[in-house]
Amino acid sequence: MHKITIAIDGYSSCGKSTLAKQLATELNYTYVDSGAMYRAITLFAIEYGLASKESVNAEGLIDQLGNVNIDLQYNSETQSVTTFLNGKNVEEEIRTMRVSEVVSFVSVIKEVRAKLRSMQQELGKRGGVVMDGRDIGTAVFPHAELKIFMTASPDVRAKRRFDELKAKGKEVSLEEVRKNLVSRDLEDTSRKEDPLIQAEDAVVLDNSDLTPERQLQIALGWVKERVV
Ligand code: DC
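What counts as what
Residues numbered from 1 in each chain as written. Predicted model: local features only at pLDDT ≥ 70, side-chain atom pairs only at ≥ 80, totals over all residues. Heavy atoms only, no water. Helix = DSSP H or I, 4+ residues; strand = E, 2+ residues; numbered from the N terminus. Expected span 1.5 Å × (residues − 1). Buried < 20%, exposed > 50% of the residue type's maximum accessible area, 1.4 Å probe, protein only. Arc of directions from axis to C-beta. Salt bridge = Lys/Arg side-chain N within 4 Å of Asp/Glu carboxyl O.

Could you give an account of helix H6 (residues 110–123), with specific residues and numbers?
Compared with an ideal rise of 1.5 Å per residue, which puts 14 residues at 20 Å, H6 spans 20 Å between its outermost C-alpha atoms and is within 8% of the ideal. Along H6, the residues classified as buried are Val-112, Arg-113, Leu-116 and Gln-120. Along the axis of H6, the buried positions cluster into a sector of 90°, meaning they face one direction only.

Put into structure tokens, the structure is as follows:
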């Protein structure tokens with residue numbers, strides 16, 4: 001069957017990666033978590049003293065970009081992504097609040113976006129890819145055959161993210177998680193470079209009240225319409 005490119009964009013923690021992984025498994029496609037790449041660069045910047053909650057040394061980070069090597073490995077059997085930064089497994093660390101609180105400030109840097117965009121385009125070159133993020137349908141794959149714009153209410157999203165972090169044993173409050181989501185939404189939608197916006201030709205999926213099974217059925221219906 002003809003393999004297409006699927007771009008999934010949307011707000012923080014609205015279930016993009018769940019849907020992307022479901023689709024990748026169902027269709028035997030490659031899954032790429034573009035947010036993990038932004039998180040890995042952010043971790044690099046924090047570790048080199050180039051970024052914190054208070055400030056980002058954009059010039060210093062741009063100078064170091066040649067030394068940032070990111071590799072994503074996706075295991076379709078366990079549906080898990082492992083992110084490597086310069087050969088080190090950083091998967092756990094990039095999901096912590098320490099990184100979440102800084103990632104939006106690093107994501108506004110044009111040169112960071114250009115580097116990651118070209119890596120993402122390379123990964124999607126052969127089609128049969130489902131990639132989630134904020135600018136996939138608008139900047140990375142503007143010609144993707146299927147673009148899904150996902151949304152869910154902030155309360156639903158905060159609760160889901162909070163439960164995820166809690167299950168991993170992380171000490172955070174629901175309010176802290178909610179605040180981080182709302183501020184990242186604002187940063188992501190209002191930045192100058194590739195802001196989060198719904199592509200004109202995207203289909204909208206609000207999954208506030210949908211089960212994972214139902215959301216997969218809906219998305220598979222859209223895929224079907226495009227592969228004939
Ligand atoms: O999907 P996520 O929450 O793991 O993404 C982390 C941050 O990375 C998000 O707040 C904004 C940034 N990001 C981006 O700017 N563009 C993308 N395509 C993906 C993520």
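Any chance you could break down the pattern of salt bridges for me, citing the residues and the numbers?
Within the structure shown, the criterion is met by 17 salt bridges. Between Asp-135 and Arg-113 there is a salt bridge whose closest N-O contact spans 2.9 Å. Taken together, the positions of Asp-135 in the loop between strand E6 (129–133) and helix H7 (136–140) and Arg-113 in helix H6 put the pair 22 residues apart, joining distant regions of the chain. According to the relative accessible area criterion, Asp-135 is buried, its value standing at 2%. The residue Asp-185 makes a salt bridge to Arg-157 at a minimum N-O spacing of 2.8 Å. With Asp-185 in helix H9 (residues 174–190) and Arg-157 in helix H8 (residues 154–167), this pair connects stretches of sequence that are 28 residues apart. With relative accessibility at 3%, the residue Arg-157 sits in the buried group. Salt bridges sharing partners connect three or more residues here, namely Arg-113, Arg-117, Asp-135 and Asp-194.

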